[in-house]
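Geometric and topological summary
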Amino acid sequence: MESRPLVVVGAGVSGTAAAIEAARAGVQVTLIDENPIPASMAGLNVPQIFGQRFAYTLKSKALMLERVTADNEALAVAEAAGVDIQLGTCVWGAFRNSEFSRVLDGPQLGLADDERSWLIKYDRLIVAAGARDLGLAFAGWNLAGAMGANAADLLMNRYEASSSRCMVVMGTGNLGLNAARMALDKGIEVPAIVDVSSAVRGDEALRSELHNAGVQFYTSHTVRETVGNDGNMESVVLVEIDDSGKPVAGSDKVIAADTVCLAVGLVPNVELLSLLGCDLKFESELGGYVPDRDEWMRTSVDTVFVAGDAAGYHDGMVLDSEIARNQGRLAGIAAAESLGALDGKRALDRKADLQADAVDTVPNEVHSDWTRWLQSLAKAGGPDIFVCPCEEVTCAELLDLRPPRFLGWDSERDSRRSLRALAKGSPADPDQVKRLTRAGMGHCQGRLCREQVSMLLAHESGHDVAEVPFMSYRPPVRPLPLKVLWAHEETEQMRRDWPKWFSPTSPVLG
């Protein structure tokens, strides 16, 4: 098994900055990024919510590699600094010895491309895995066309493979306003930006630019439903809401669009950090659960560092990439010093330079806004909207803790179950709810529903969302084909006997 002194996961702004900083200090660096994502993965809405709004060109790996490289000038700088760059490679697992495992000969990462999987060891790790799109359920969000802001950015800019023609944006703030501007720049019509708040939020200059471009803002509104044909979105129905989030009768507005862009918020990608046992804490101002880290971007595991959106995302980072870039530089310096490539004084001097250029920002908490969005969508769309689209668990089924419909269970005991009964004075555990309803058990491992479930559990039990435990997951943290995880042919005995092994009467199964 190969071993690397420093591995950086994520080749975005912060990851490339970390790799360049460490490489220039004399560290051998391997930079890994899952982009370009295979079309099959994008079709599963992992890692972002792509909403089937990608062009056929996404299926050309060579073309996508060319576009990803051309869009990211920092990759050329990193390559010139001697960084080993591995694109189109996802990290599906992270492992190290702990109180539960002592058999590994060092910390390891599980990697995979579209053909094979393998393990590598590392001495130091920087996780710059970015953030994912916040999923919010509304009636019709299972139609092709419901996509996230980060996915829209990838398709429109990095991949140049967006097939959207007309986009309604959900959410103002810098994230929503910037998504609308990017769409207009790519020739995509933006007839509406909708927000549950009573006023448009975000950068004033950007607001004026969009207003002058003819974009209509619908404040105190939410999405009632999307309407389509043959599984494709054709129009979006907006509805005005009152102060309690309830729809105002007779206020529906139908807007022709083939895409709804979910730009309400982003959530830090902390899966790898969680698998490695890094301490996580809930900070609404930074998007939810984020790693506990020091001023050098070092996590509670002293060989693991974090940078960029994975360390915590806020709306100010949308228009100021220097925030993430400086975090990456700090992580790269700290990792280099810990490996002996930099002495303490040089590291401190470099850190002082970076901090002198830093701009202080005070982010706001976001979950009250997210909850208002979720409640308004549920009230407008009804109890049968799919909170967990992978497992088709509705809002009503989640709140009643109903077992999966395919089991056909129907008993008096089941009818008495509810979240309030389960909570009994404390917020329900999402993992327990997952086992009862299957919400969060889909191929995305809860990426589309994790925050929604937590907010619903908190609201129903009358607790703060910060009190709701973290919904767990396990490797692989990316859905991978079995042929990639285990690229070996079946033996003749396996081919001959597998029906026996999986038969309900098989002695193998007891």
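Notes on the structure follow. Note on numbering: residues in each chain are counted from 1, in written sequence order. Whole-chain, interface and lining totals are the exception, using all residues; otherwise, since this is a predicted model, local features are given only for residues with pLDDT of at least 70 and side-chain atom pairs are given and counted only at 80 or more. Hydrogens and waters are ignored; side-chain quantities use all the structure's heavy atoms.

1. Side note on the overall build of the protein
Tallying secondary structure elements over the protein gives 18 helices and 21 strands in all. For 510 residues, the compact-globule estimate of 2.2 N^0.38 gives 24 Å, and the protein sits close to it at 23 Å. Counting only C-alpha atoms and orienting by the principal axes, one finds that the protein spans roughly 70 × 65 × 50 Å. Only protein chains enter the calculation, and the probe is 1.4 Å; a residue is then buried if its accessible area is under 20% of its type maximum, exposed if over 50%, and partly exposed in between. Taken across its 510 residues, the protein has 53% of its residues classed as buried. In what follows, residue pairs with any heavy atoms lying within 4.5 Å of each other are defined as contacts. The long-range fraction of contacts in the protein, counting pairs at least 24 apart against all pairs at least 6 apart in sequence, stands at 65%. For accessible areas, the Shrake-Rupley method is used with a probe of radius 1.4 Å. Any residue's cover is judged against the shown protein chains and nothing else. For the protein, the accessible area works out to roughly 22600 Å², and carbon and sulfur atoms hold 48% of it. Put simply, DSSP H or I for four residues or longer makes a helix, DSSP E for two residues or longer makes a strand, and each gets a number counted from the N terminus. Radius of gyration: C-alpha atoms only; globule rule: 2.2 Å multiplied by the number of residues to the exponent 0.38.

2. Details of the packing of aromatic side chains
For this analysis, a ring pair means two rings from Phe, Tyr or Trp (six-membered ring only for Trp) whose centres lie within 6.5 Å, classed as stacked if their planes differ by under 30 degrees, edge-to-face if by over 60, and tilted for the remaining angles. Inspection of every chain in the model, using the stated rule, returns five aromatic pairs. A centroid spacing of 5.8 Å and a plane angle of 80° characterise the contact between Phe470 and Tyr473, whose relative ring orientation is edge-to-face. Pairwise contacts between aromatic rings join Phe282, Tyr289, Phe470 and Tyr473 into one cluster. Remark: a charge is flagged as sitting over a ring if the NZ atom of Lys or the CZ atom of Arg is within 6 Å of the ring centre and within 35 degrees of the ring normal. Seen from the ring of Trp118, Arg116 lies directly overhead, with NZ or CZ sitting 3.9 Å from the centre.

3. Details of helix α11 (residues 367-381)
A rise of 1.5 Å per residue sets the reference length of α11, with its 15 residues, at 21 Å; its end C-alpha atoms lie 20 Å apart and thus fit the reference within 8%. Within α11, eleven of the 15 residues are buried, leaving the element largely enclosed by the surrounding structure. Looking at α11, one finds that the buried residues are His367, Asp369, Trp370, Thr371, Trp373, Leu374, Gln375, Ser376, Leu377, Ala378 and Ala380. Immediately downstream of α11, the backbone of Gly382 shows phi near 95°, a positive value. Helix span, expected: 1.5 Å multiplied by one less than the number of residues in the helix.

4. Details of the sheet that holds strand β8 (residues 146-148)
Hydrogen bonds along the backbone pair up the strands of a sheet, which may run parallel or antiparallel. For two strands to be treated as a pair, DSSP must find no fewer than two bridges joining them. Read from one edge of the open sheet, five strands run β8-β15-β9-β10-β11, paired in parallel fashion. In the strand order of this sheet, the two ends are held by β8 and β11 (216-219), each with one partner. Each strand of the sheet is rotated relative to its neighbour by a mean of 25°, with strand direction disregarded. Where helix α5 (residues 149-158) meets the sheet, it contacts β8 and β15 (259-262), and its direction lies at approximately 85° from that of β8. Only C-alpha atoms enter the line fits that serve as axes; for helices the fit covers just the stretch in contact. Angles between N-to-C directions range over 0 to 180 degrees.

5. Focus: the side chain of Asp33
In this structure, Asp33 sits in the loop between β2 (29-32) and α2 (39-43). By the counting scheme adopted, Arg and Lys are positive, Glu and Asp are negative, and His together with the chain ends is not counted. When a carboxyl oxygen of Asp or Glu lies within 4 Å of a side-chain nitrogen of Lys or Arg, that pair is called a salt bridge. Comment: no salt bridge for buried Asp33; closest opposite-charge side chain is Arg158, at 4.4 Å. Polar side-chain contacts of Asp33 include one of 2.6 Å to the backbone nitrogen of Ala11. Each residue touching Asp33, except ones within four places of it in the same chain, is listed here: Gly10, Ala11, Gly12, Gln86, Leu87, Gly88, Thr89 and Arg158. Any N or O atom pair separated by 3.5 Å or less is treated as a polar contact, with the protein-specific requirement of one donor-capable and one acceptor-capable atom, and with residues adjacent in sequence counted only for side-chain atom pairs.

6. Considering the environment of Cys444
With respect to the helices, strands and loops of the structure, Cys444 is situated in the loop between α15 (430-437) and α16 (450-461). Along the sequence, Cys444 and Asn174 sit 270 residues apart, while their C-alpha atoms lie 27 Å from each other. Setting aside chain neighbours within four positions, we find Cys444 in contact with Val46 and Cys390.

7. Some thoughts on the pairing of strand β1 (residues 2-9)
Looking at chain direction, β1 and strand β6 (residues 117-127) are connected through seven bridges and run parallel. Bridge pairing in β6 places Leu6 opposite Arg124. Consider the strands pointing away from the viewer: the crossover is right-handed when the path from the first strand over the helix to the second runs clockwise. With helix α1 (residues 13-24) bridging β1 and the parallel β2, this β-α-β connection has right-handed handedness.

8. Overview of unusual backbone geometry
At the junction of Asn35 and Pro36, the peptide bond is cis and its omega measures out at 0° in the coordinates. Relative to the helices and strands, Pro36 is located in the loop between β2 and α2. Going from Pro475 to Pro476, the amide bond is cis rather than trans, its omega being 5°. By the secondary structure assignment, Pro476 is in the loop between α16 and α17 (482-485). A positive phi angle, near 60°, is found at Gln52, a position not held by glycine. Relative to the helices and strands, Gln52 is located in the loop between α2 and α3 (61-71). When its relative accessible area of 39% is taken as the criterion, Gln52 is described as partly exposed.

9. A few points about a negative patch on the surface
Nonpolar side chains (Val, Leu, Ile, Met, Phe, Trp, Tyr) are joined into patches within 5 Å and like charges within 9 Å, using only residues with over 30% relative accessible area and no salt bridge. A single reference atom marks each charge: NZ on Lys, CZ on Arg, CG on Asp, CD on Glu. Together, Asp71, Glu73, Asp153 and Glu160 make up a negatively charged patch on the protein surface. Topologically, Glu73 is positioned in helix α4 (residues 73-80). According to the relative accessible area criterion, Glu73 is exposed, its value standing at 67%.

10. With respect to the state of the cysteines
Two cysteine sulfur atoms make up a disulfide if the distance between them is within 2.5 Å. Counting across every chain of the model gives zero disulfides. Cysteine Cys449 shares no disulfide, and the gap to the nearest cysteine sulfur, in Cys388, comes to 4.0 Å. Here Cys449 falls in the buried class, since its relative accessible area comes to 1%.

11. Description of the pattern of salt bridges
Side chains that carry opposite charge are capable of pairing whenever their charged atoms lie near each other. One pass over the structure, following the stated rule, counts 25 salt bridges. A salt bridge links Arg224 to Asp252; its shortest N-O distance comes to 3.0 Å. With Arg224 in strand β12 (residues 221-229) and Asp252 in the loop between β13 (232-240) and β14 (253-256), this residue pair connects regions lying 28 residues apart in the sequence. Arg224 sits in the partly exposed class, given a relative accessible area of 22%.

12. Observations regarding the pairing of β15
Covered by surrounding structure in β15 are Thr259 and Cys261 together with Val260 and Leu262, the residues of both alternating faces. For β8 and β15, the ladder comprises three bridges, and the chain directions are parallel. Each residue of the ladder has a partner; that of Ala146, found in β15, is Val260. As paired elements, strand β9 (residues 166-170) and β15 share four bridges and run parallel to each other.

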